[in-house]
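Residues per chain, in single letters:
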Amino acid sequence: MSTIPYRSPQLTHKSDLGRRYLLVFGIVLIVLGGLSACAALALAYAALRGGNYMPPALATLPPPIDPITFSFQLSLLLGVLATLFISTGIGSIRLRCWTRPIVISFAGIFIFGIVVALLQLSVHAIAQQYTGPSPPPLTLGNRVSVPAAAPDVMQDVFICVLVIGAIGFPLIFLFAYHSRAVQLALEESDPGIAWTSRVPIPVLALAIALTWTGFLALIQLIPSPVPYFLDDEGGMFGYLFSILFALFLAASASAVYRKHPAGPWLAIISVFIVGASMMLAASAGVNQQSQLPPPGARWPAVNQQSQLPPPGARWPAGNTADLQSIAISAFLASLAYVIPALGYILYARGKMRKD
């Protein structure tokens, strides 16, 4: 004689609510994946046609970035995100239990990345204020009455709304998939033990973050420190560094997922390598910009396709105070990434011990 397990009306209501959450957010993920795929194809097509979509803020910072290469890198990034969003959205609609840890992990990664970027921008603004060049003293000859410019309120409001949306959107997914209703719905519909359920979610998120960082290193969105140590004109050593570092990050992610005792230490080493690479690459760019051209030499013709000087050309010299400010900003920006990352690694290490 078979028996039917009793379920309270409250649990039934929560389970139904979780199914609705999974359906709605699954559709949203598929739409986001479609938009990302369209953007990836558009960027790749524009790069093949020689289009330049480099943001002005990135074009002025060291090290110099080829806008066409950056377009291909961004296209690959959006392509992978499109695959992730669409597959996770389909899994969410089909009530697969692996979707919950994946969405929680990537939502946390996106929030962490945005917060770190805001910290780095704040650090750069503070460094510019205290280490940038001071304005020349006013004399009777250079006093010019300039009308005060009205603050661009609309631009500030737009930036604030953009930042709030960039943090709030992943937060909504984080809270929804972390809810008890979604957990109950997935446990009932897919009771098996998936690969994402074999470790605590903080540990899985750390392993996924290391894997994601390895992908960013592989497509060279993490700058290489090689130009700081040697003249890598062809970029061969930079590519080699990116491949080796991506393999190291993959090994670190595997060790963390298997809860190997060396996993957290490999993750810590990876964080320091990323921070050092950011700082040394910026320092190499500052050194390149600080090289003065020979006396009487003119700026050589610029390649219109890449907007970079031809091989062997020297960058125009900048203000010494500006270059020092950029170097200090690079160091502080690295700290703005390293310190929060170390804090999370220690938190995930505690979860590994308790499990």
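Cut-off values and rules
- Residues numbered from 1 in each chain as written.
- Predicted model: local features only at pLDDT ≥ 70, side-chain atom pairs only at ≥ 80, totals over all residues.
- Heavy atoms only, no water.
- Core = buried A, V, L, I, M, F, W, Y, C linked by side-chain atoms within 4.5 Å.
- Buried < 20%, exposed > 50% of the residue type's maximum accessible area, 1.4 Å probe, protein only.
- Helix = DSSP H or I, 4+ residues; strand = E, 2+ residues; numbered from the N terminus.
- Contact = heavy atoms within 4.5 Å.
- Axes fitted to C-alpha atoms, helices over the stretch in contact; angles between N-to-C directions.
- Parallel < 35°, antiparallel > 145°, perpendicular 65-115°, else oblique.
- Nonpolar A, V, L, I, M, F, W, Y, C, P; charged D, E, K, R; others polar.
- Salt bridge = Lys/Arg side-chain N within 4 Å of Asp/Glu carboxyl O.
- Patch = residues over 30% accessible without salt bridge, like charges linked within 9 Å, V, L, I, M, F, W, Y side chains within 5 Å.
- Areas by Shrake-Rupley, 256 points an atom, 1.4 Å probe, with all protein chains shown as cover.
- Expected span 1.5 Å × (residues − 1).

The next thing to look at is the nonpolar core. Nonpolar side chains in soluble globular proteins generally cluster together in the buried interior. Residues Tyr 177 and Trp 212 are the most contacted members of the largest nonpolar core, which totals 55 residues. In terms of residues, this core owes the most to one element, helix H7 (residues 201–218), which gives 10 residues. Leave out the neighbours within four places in its chain, and Trp 212 touches Leu 77, Val 80, Leu 81, Phe 106 and Ile 109.

It is the contact of H7 with helix H9 (residues 236–257), at a shortest axis distance of 8 Å, that shows an interaxial angle of 170°. By the criterion of interaxial angle, the relationship of H7 to H9 is roughly antiparallel. For the pair formed by H7 and H9, the contact residues are Val 203, Leu 204, Leu 206, Ala 207, Leu 210, Thr 211, Thr 213, Gly 214, Ala 217 and Leu 218 on the first element and Ser 242, Ile 243, Phe 245, Ala 246, Leu 249, Ser 252, Ala 253, Val 256 and Tyr 257 on the second. Residues of the contact of H7 with H9, tallied by class, amount to 14 nonpolar, five polar and no charged.

This part is about the pattern of salt bridges. Inspection of the entire model under this criterion finds two salt bridges. Across the salt bridge formed by Arg 19 and Asp 16, the nearest N and O atoms sit 3.8 Å from each other. With Arg 19 and Asp 16 both in helix H1 (residues 9–48) and three residues apart, the pair spans about one turn of that helix. On the basis of relative accessible area, Arg 19 is assigned to the partly exposed category, the value being 30%. A single salt-bridge network, built from bridges that share partners, covers Asp 16, Arg 19 and Glu 188.

So, about the side chain of Ser 224. By the secondary structure assignment, Ser 224 is in the loop between H7 and helix H8 (226–229). Residue class for Ser 224 comes out buried when judged on its relative accessible area of 13%. Discounting chain neighbours no more than four positions away, the residues touching Ser 224 are Gly 238, Phe 241 and Ala 281.

In this section: the environment of Leu 280. Mapping Leu 280 onto the fold places it in helix H10 (residues 263–289). The sequence separation of Leu 280 and Tyr 228 amounts to 52 residues, and the corresponding C-alpha distance is 6.0 Å. Leu 280 has contacts with Pro 225, Tyr 228 and Phe 229, leaving out every residue within four places of it along the chain.

Here we come to a nonpolar patch on the surface. On the surface, a nonpolar cluster with roughly 1000 Å² of combined accessible area is contributed by Leu 218, Tyr 228, Phe 229, Leu 230, Met 236, Phe 237, Leu 240, Ile 243, Leu 244 and Leu 247. Contributing elements (two or more residues each) for the nonpolar patch: H8 and H9. Per-element tally for the nonpolar patch: the top contributor is H9, with six residues. For Leu 247, the location among the structural elements is in helix H9. Accessibility expressed as a relative area gives 54% for Leu 247, which makes it exposed.

Right, let's get into H9. For H9, with 22 residues, the first-to-last C-alpha span of 32 Å sits near the 32 Å given by 1.5 Å per residue. Every buried residue of H9 is accounted for by Gly 238, Ser 242, Phe 245, Ala 246, Leu 249, Ser 252, Ala 253, Ala 255 and Val 256. Lys 259 lies just past H9 and shows a positive phi near 55°.

In this fold, Ile 68 is placed in helix H3 (residues 67–93). Overall, the relative accessible area of 17% leaves Ile 68 in the buried class. Note: C-alpha distance between Ile 68 and Leu 43 (25 residues apart in sequence) is 9.4 Å.

Right, let's talk about unusual backbone geometry for a bit. Residue Leu 95 is not a glycine yet carries a positive backbone phi of 60°. Within the secondary structure layout, Leu 95 lies in the loop between H3 and helix H4 (99–131). For Leu 95, a relative accessible area of 15% translates into the label buried. Phi angles above zero are rare outside glycine, and Lys 259 is one such case at about 55°. Within the fold, Lys 259 resides in the loop between H9 and H10. Look at Lys 259 and you get partly exposed, because its relative accessible area is 31%.

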